[in-house]
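Architecture and fold: a report
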Amino acid sequence: MTGIEKTLKGIKDGNITKDGLTFLLSIPTREEFKPVFDESALVCRRHFGDKVYIRGIIEFSNYCRKSCLYCGINKANRKVGRYRMTLEEILEAASYMKKCGSLTAVLQSGEDPGYDKVVLEAVKRIHEDLNMAITLSIGEREPAVYREFIKAGADRYLLRIETTDHDLFRRLHPDDDLEYRKKCLITLKKLGYEVGTGIMVGLPGQSVGAIADDLLYFIKLNPAMVGIGPFLAHQDTPLRNHKNTDIFPTLKTLALIRLILPKSNLPATTAMGTIAPDGRQQALKIGANVIMPNFTPSKYRESYKLYDNKICISEEYGKCAGCTTAIAKAAGKRIVKSKGYSKNT
Ligand code: SAH
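Quick caveat, the model's predicted, so the values are computed rather than measured. (Residues numbered from 1 in each chain as written. Predicted model: local features only at pLDDT ≥ 70, side-chain atom pairs only at ≥ 80, totals over all residues. Heavy atoms only, no water.)

What follows is about the nonpolar core. Ranked by internal contacts, the top residues of the largest apolar core, which has 96 residues, are Leu-107 and Ile-126. The element best represented in this core is helix α10 (residues 248-260), accounting for 8 residues. When residues no more than four places from it in sequence are discounted, the contact partners of Leu-107 are Ile-58, Phe-60, Ile-90, Val-119, Val-123, Ile-126, Ile-134, Thr-135, Leu-136, Ser-137 and Ile-138. Of all hydrophobic cores here, the second largest spans 8 residues; its members include Cys-44, Tyr-53, Val-106 and Met-292. (Core = buried A, V, L, I, M, F, W, Y, C linked by side-chain atoms within 4.5 Å. Buried < 20%, exposed > 50% of the residue type's maximum accessible area, 1.4 Å probe, protein only. Helix = DSSP H or I, 4+ residues; strand = E, 2+ residues; numbered from the N terminus. Contact = heavy atoms within 4.5 Å.)

What follows is the structure in structure tokens.
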């Protein structure tokens, strides 16, 4: 057996170590990594067949109280025009995405707690009137606020840990604390949310060992969903000069997450589609089972650029739904109309 085969077998037998993960993540070429991609594709097929769940996303506010170094809408960026969608606009977008086949609405924003009252009302209405599953991706809050949202009808919460490397986390998040973010995830789980977390791959100063540690953290947390994507520089942030990686390190990380959390929902993210034109197809082929078309009204999209060259900015409203069907097909899969609740229970 080769080293790769041995490590893969170890993972299958539940013997998952930092050394093993670091070894696999360090594999330099796609040819050498192929046995891992083959295995992750197989594991995905075993649990999800050719199904791809669709979760439409509405980026309803770009106001943010945080200054994360990588993010294009961080509060220090004065060049970005700030907006908040009205309650009516949010409901209209949710209703439209339902018509297009998405039974889940992902409500995402900068960290904008000043708008929670409106979001709470939106959650109630989307839950009661539209009978859709709701994912919130709005950052850190006190436990009482998370409780209010789940009572109003929210089902899922996406809060990426971003990195579990303490030093790197501190450098990138001047106003955040890694331990507090971890606590938020535990609180969300305890409250009964389907919890999603994730990281960016290729952050400045991020080592392969740090990604291996992130994966071990995922095993411990056992989330329903893990969203990852490549870090992409934004011209109006302190990390503007960082050179983007290619998609391969992100795909390796995705494949390993499929192996260590076989039943988790793994999206082919917009950032993957930005770093490579067929990035989302590639991700679906090797283990992703979710896609998140953009249902933010066209006039706001230019102002929700977390990174440069984000795709679908000038796209006609509603076109994303047709586009995701084509992406799934190109990966040999098909979109299913389902709320897509987690199998990882
Ligand atoms: N305010 C919310 C939502 C953040 S935006 C929160 O704190 O959870 C969603 C995700 O976009 C982030 O979690 C981050 O991982 C990703 N992101 C932000 N800036 C990025 C960049 N420059 N490149 C790639 N991904 C980025």
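Looking now at the pairing of strand β1 (residues 51-54). In the sheet, β1 pairs with strand β12 (residues 334-336) via 3 bridges, with the strands oriented parallel. Bridge assignment links Lys-51 to a residue of β12, and that residue is Arg-334. Pairing geometry for β1 and strand β11 (residues 290-291), over 2 bridges, is parallel. Bridge pairing links Ile-54 to Ile-291 in β11. (Pairing = 2+ DSSP bridges.)

Turning our attention to the site of the ligand. Taken together, 19 residues are adjacent to the ligand, and Tyr-70, Ser-109, Arg-160, Glu-162 and Leu-232 come closest. In the model, an oxygen atom of the ligand is placed 2.8 Å from a nitrogen or oxygen of the Arg-160 side chain. A distance of 3.3 Å separates a nitrogen atom of the ligand from a polar backbone atom of Leu-306. When atom positions are compared with the pocket grids, the ligand is found to occupy the largest cavity. (Near = heavy atom within 4 Å. Polar contact = N/O pair within 3.5 Å; in protein donor to acceptor, adjacent residues only side chain to side chain. 1 Å grid on protein atoms, 1.4 Å probe; cavity = no way out; pocket = protein on both sides within 12 Å on 5 of 7 lines; lining within 4 Å. Sits in = over half its atoms within 2 Å of the grid points.)

The next point concerns the packing of helix α5 (residues 116-130) against helix α6 (residues 143-152). Close contact between α5 and α6 brings their axes to 8 Å; oriented N to C, the two are set at 25°. In terms of their interaxial angle, α5 and α6 are classed as roughly parallel. Contact residues: α5 offers Asp-116, Val-119, Leu-120, Val-123, Lys-124 and His-127, while α6 offers Val-145, Glu-148, Phe-149 and Ala-152. In terms of residue class, the contact of α5 with α6 is built from 6 nonpolar, 1 polar and 3 charged. (Axes fitted to C-alpha atoms, helices over the stretch in contact; angles between N-to-C directions. Parallel < 35°, antiparallel > 145°, perpendicular 65-115°, else oblique. Nonpolar A, V, L, I, M, F, W, Y, C, P; charged D, E, K, R; others polar.)

Locating Arg-170 in the fold gives a position in helix α7 (residues 166-172). In this structure Arg-170 comes out as exposed when scored by relative accessible area, which is 53%. A C-alpha to C-alpha distance of 9.8 Å links Arg-170 and Cys-68, two positions 102 residues apart in sequence.

All right, on to the environment of Phe-231 then. Tracing the sequence through the fold places Phe-231 in the loop between β9 (229-230) and α10. Linking Phe-231 and Ile-199, residues 32 residues apart in sequence, is a C-alpha distance of 9.0 Å. Leave out the neighbours within four places in its chain, and Phe-231 touches Tyr-70, Met-200, Val-201, Gly-202, Leu-203, Pro-204, Leu-239, His-242 and Asn-244.

It is worth spelling out helix α9 (residues 208-221) at this point. With 14 residues, α9 extends 20 Å from end C-alpha to end C-alpha; this agrees with the ideal 20 Å at 1.5 Å per step. Those residues of α9 that fall on the buried side of the exposure criterion are Gly-209, Ala-210, Ile-211, Ala-212, Asp-214, Leu-215, Tyr-217, Phe-218 and Leu-221. Elements in contact with the buried residues of α9: α2 (18-25), α8 (178-191), β6 (194-197), β7 (200-201), β8 (225-226) and α10. After α9 finishes, the residue Asn-222 shows a positive phi value of roughly 50°. (Expected span 1.5 Å × (residues − 1).)

One water molecule sets the probe size; rolling that probe over the atoms shows where empty space is left. In this structure the tally under the stated criterion is 2 cavities of 30 Å³ or more. In this structure, the largest cavity spans a volume of roughly 930 Å³. Together, 47 residues line the largest cavity, and Gln-108, Ser-137, Arg-160, Tyr-304 and Leu-306 are the ones closest to its centre. If one sorts the elements of the lining of the largest cavity by residue count, helix α14 (residues 319-330) sits on top with 3 residues. Broken down by class, the residue content of the lining of the largest cavity amounts to 25 nonpolar, 13 polar and 9 charged. Considering only enclosed or pocket space, the second largest cavity measures out at about 120 Å³ in volume. Taken together, the elements giving at least two residues each to the lining of the second largest cavity come down to β5 (156-158) and β6. The residue inventory of the lining of the second largest cavity, partitioned by class, reads 8 nonpolar, 3 polar and 3 charged. (Points joined across faces, edges and corners; volume = space filled by probe spheres on them.)

On the basis of which strands lie adjacent, the open sheet formed by 4 strands has the order β10-β11-β1-β12 and parallel pairing. With partners counted over all chains shown, the strands left at the sheet margins are β10 (267-268) and β12, one partner each.

Read across the open sheet, the 6 strands follow the order β2-β3-β4-β5-β6-β8; overall the sheet is parallel. Of all strands in the sheet, those bounded by a partner on one side alone are β2 (56-61) and β8. Inspection of the sheet shows β2 paired to strand β3 (residues 104-109) by 5 bridges, in the parallel sense. Pairing of Ile-57 across the sheet is with Val-106, part of β3. Running at roughly 170° to β2, helix α4 (residues 87-99) makes contact with β2 and β3 of the sheet.

In short, shape yes, function no, at least from these values alone.
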